[in-house]
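Chain and residue survey
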Amino acid sequence: MSDPYDSDRLFFPATQRNVGPIGDVLSTVLPRSGVVLELASGSGEHAIAFQQRFPFITWQPSDPEALHRRSINAWIDHKGLNRRMPTALNLNVLQRPWPLPSATLQSLSAVVCINLLHISPPECSQAVIEEAAKLLPREAPLIIYGPFKQNGVHTSASNASFDSSLRQRDQRWGIRDQEWIEQLADQQGLKLIDWHQMPANNVTIVLRTP
Ligand SMILES: C[S@@+](CC[C@H](N)C(=O)[O-])C[C@H]1O[C@@H](n2cnc3c(N)ncnc32)[C@H](O)[C@@H]1O
C-alpha cells in the first residue's frame, strides 16, 4: 500500500550521526514516565527515534514551521507510532505561554531542545529557559544540545567558521556561550547538573531545579 505522507518526510543529514550519542545521554537523564516536550523538532527524525528508544515516556514533538510539522507527522505515521505519540505541536518558543495541551502540562517531565539556540536570536535562548523553568516540575530536566563556546572561546576551528556563516545568514544568530546559558538558567532557578562533550564539537547541557 502506498504511504500518503511519504513525500513529506524530510531527512536532515546530521540527525543520523547524532541521534545515537544524544540518545545515550538522554538514557541517563530522562525520567521513567511522563511527557517529554521536544522544541524545534525539525524533520522529526529525533522524535521518532527517541519515542522508539524510550517507550515508557510520551514524546511530544513541536515546531513552528508547517513544513517541519508535516515531516514530523509523516515520520510518526511511517513508523506506525500514531497510537504511541502525539502529532507535532505548532510551538514557537517566543510566543508565550506555550500552547501545551493540559494533559501535557500535567505530565510534563522533561524539555529537550536540539540545535535551536544557535540558529535563532538570543531571545529564543531566554524564552526556552524561562518558559521551561516555569513549566517543569522540581527535578525535571531541561536538556539542551548544540555547539557552544566555552568562556567566550570557540572549541574548534570548524565551530568558529560555522558561527561566521550563521551570522552572515542572520546577524542575530550565532553560537552561544555555554556560561551565558548557565547564567540565564541559574537566574530562573535551573542549576547545571551535568554537561557532556559530544561528537563533532557539540555539547549536551542538563539543567534542573534542585
Ligand atoms: C537546525 S533545525 C534543528 C532541527 C532538529 N532539532 C535537529 O536537530 O535536526 C532548527 C529548528 O528550529 C526551528 N525553530 C526556529 N525558530 C524557532 C522558534 N522561534 N521556536 C521554535 N522552533 C524554532 C526551525 O523550524 C527548525 O526546525
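Use the structure listed above.
Note that the coordinates shown come from a computational prediction; the quantities given were computed from them, not determined experimentally.

**Examining unusual backbone geometry**
The linkage connecting R96 with the following residue, P97, adopts the cis geometry, with an omega of 0°. Note on placement: P97 falls in the loop between α3 (66-78) and α4 (102-107). Positive phi is not limited to glycine here, since N115 has a value of about 55°. Of note, N115 is situated in the loop between β3 (108-114) and α5 (122-135). N115 sits in the buried class, given 20 other C-beta atoms within 10 Å.

**Here's the deal with the nonpolar core**
Burial of nonpolar side chains together is a common tendency in soluble globular proteins. With 45 residues, the main nonpolar core has V36, L39, V111, C113, L142, I143 and I144 as its most contacted residues. Top element by residues in this core is β3. It accounts for six residues. Residues in contact with I143, not counting those within four places in the same chain, are L26, V29, A110, V112, T204 and V206.

**Some details on the site of the ligand**
Contacts to the ligand come from 21 residues, most closely from A40, G42, E65, V93 and N115. Residue composition of the shell around the ligand, grouped by class: 10 nonpolar, nine polar and two charged.

**As for the packing of α5 against helix α7 (residues 178-187)**
Here α5 crosses α7 at 40°, and the two axes come no closer than 9 Å. Comparing the axis directions of α5 and α7 gives the class oblique. Considering how the two elements wind past one another, α5 and α7 form a crossing that is right-handed. Of the residues in α7, those touching α5 at S125, Q126 and I129 are I181, L184 and A185. A breakdown of the residues in the contact of α5 with α7 according to their chemical character gives four nonpolar, two polar and no charged.

Thresholds, definitions, all that
- Residues numbered from 1 in each chain as written.
- Predicted model: local features only at pLDDT ≥ 70, side-chain atom pairs only at ≥ 80, totals over all residues.
- Helix = DSSP H or I, 4+ residues; strand = E, 2+ residues; numbered from the N terminus.
- Buried ≥ 20, exposed ≤ 12 C-beta atoms within 10 Å, placed from the backbone.
- Core = buried A, V, L, I, M, F, W, Y, C linked by C-beta atoms within 7 Å.
- Contact = placed C-beta atoms within 7 Å.
- Near = placed C-beta within 6 Å.
- Nonpolar A, V, L, I, M, F, W, Y, C, P; charged D, E, K, R; others polar.
- Axes fitted to C-alpha atoms, helices over the stretch in contact; angles between N-to-C directions.
- Parallel < 35°, antiparallel > 145°, perpendicular 65-115°, else oblique.
- Left-handed = near helix turned anticlockwise from the far one by under 90°.

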